[in-house]
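Listed below, chain by chain, are the residues.
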Amino acid sequence: MDVCPLCNGLETRIFQCPNCQTIMGDKGKITDYLDDYSPYMDIEIMKLFDGVEQSLEKKQCIHYYICPNCMHEENNIIAE
């Protein structure tokens, strides 16, 4: 089983906001925001609903980032 280095605290990644150049905050897996129970569901099953067609097969974790300054939101693909 592969693990996401960000979800497991093994690494940090810094992304700058394309609008204002502020460092964006990592808010975790995008699938955690689907509904109230999604953070407790099986990760591999939830990857079928993350919006990236082959994230399960390609061993990718999709993280949600938001800029604290201008509120720009984006998703970033993290290799497991």
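Preceding block: the structure.
This report concerns the structure included in the present document. (Residues numbered from 1 in each chain as written. Predicted model: local features only at pLDDT ≥ 70, side-chain atom pairs only at ≥ 80, totals over all residues. Heavy atoms only, no water.)

Quick notes on the state of the cysteines
Counted only if it meets this: Cysteine sulfur pairs qualify as disulfides if the two atoms are within 2.5 Å. To sort residues, take the accessible area from a 1.4 Å probe on protein chains only and compare it with the maximum for the residue type: under 20% means buried, over 50% means exposed, and anything in between is partly exposed.
Inspection of every chain in the model, using the stated rule, returns zero disulfides. Considering cysteine sulfurs only, Cys-7 is the nearest to Cys-4, which forms no disulfide, with 3.7 Å between them. Of all cysteine sulfurs in the structure, the one in Cys-4 sits closest to Cys-61, which takes part in no disulfide; the separation is 3.7 Å. On the basis of relative accessibility, which here comes to 4%, the residue Cys-61 falls in the buried class.

Brief notes about the packing of aromatic side chains
The geometry of an aromatic ring pair comes down to the distance between the two centres and the angle between the two planes. The following threshold applies: Ring geometry is summarised as follows: Phe, Tyr and Trp rings, the Trp one being its six-membered ring, pair when their centres sit within 6.5 Å, and such pairs are stacked at plane angles under 30 degrees, edge-to-face over 60 and tilted between the two. Think of it this way: any DSSP run of H or I at least four residues long counts as a helix, any run of E at least two long counts as a strand, and we number them from the N terminus.
The final tally for this structure, using the stated rule, is two aromatic pairs. On the numbers, 4.8 Å between centres and 70° between planes, the contact of Phe-15 with Tyr-65 is edge-to-face. Taken as a pair, Phe-15 in the segment before β1 (25-29) and Tyr-65 in strand β2 (residues 60-66) lie far apart in primary sequence, 50 residues in all. For Phe-15, a relative accessible area of 22% corresponds to the partly exposed category.

A short note on the side chain of Thr-31
Definition in use: Note on definitions: a residue-residue contact is assigned when non-hydrogen atoms from the two residues lie within 4.5 Å.
In this fold, Thr-31 is placed in the loop between β1 and α1 (43-46). Taking relative accessible area as the criterion, Thr-31 reaches 7% and is therefore assigned buried. Those residues in contact with Thr-31, other than ones at most four positions away along the chain, are Ser-38, Met-46 and Asp-50.

Section: the pattern of salt bridges
The condition that has to hold: Salt bridges are identified by distance alone: a Lys or Arg side-chain nitrogen within 4 Å of an Asp or Glu carboxyl oxygen.
Summed over the entire model, instances satisfying the criterion amount to four salt bridges. Put simply, Glu-11 and Arg-13 hold a salt bridge, and the shortest N to O gap is 2.9 Å. Overall, Glu-11 belongs to the partly exposed group, its relative accessible area being 37%. Among the ionic pairs, Lys-29 bridges to Asp-32, the shortest N-O distance being 3.4 Å. A residue is classified by how much of its surface remains accessible, and Asp-32, at 24% relative accessible area, is partly exposed.

A look at the pairing of strand β3 (residues 73-79)
Along a regular strand, successive side chains alternate from one face of the sheet to the other. Cut-off, in case you're wondering: Pairing between strands is defined by DSSP: at least two bridges between the two strands are required.
The sheet contact formed by β2 and β3 spans seven bridges and is antiparallel. When the bridges of β3 are listed, Ile-62 appears paired with Ile-77. Where β2 folds back onto β3 in an antiparallel hairpin, the turn is made up of six residues, including Met-71, whose phi is positive at roughly 70°.

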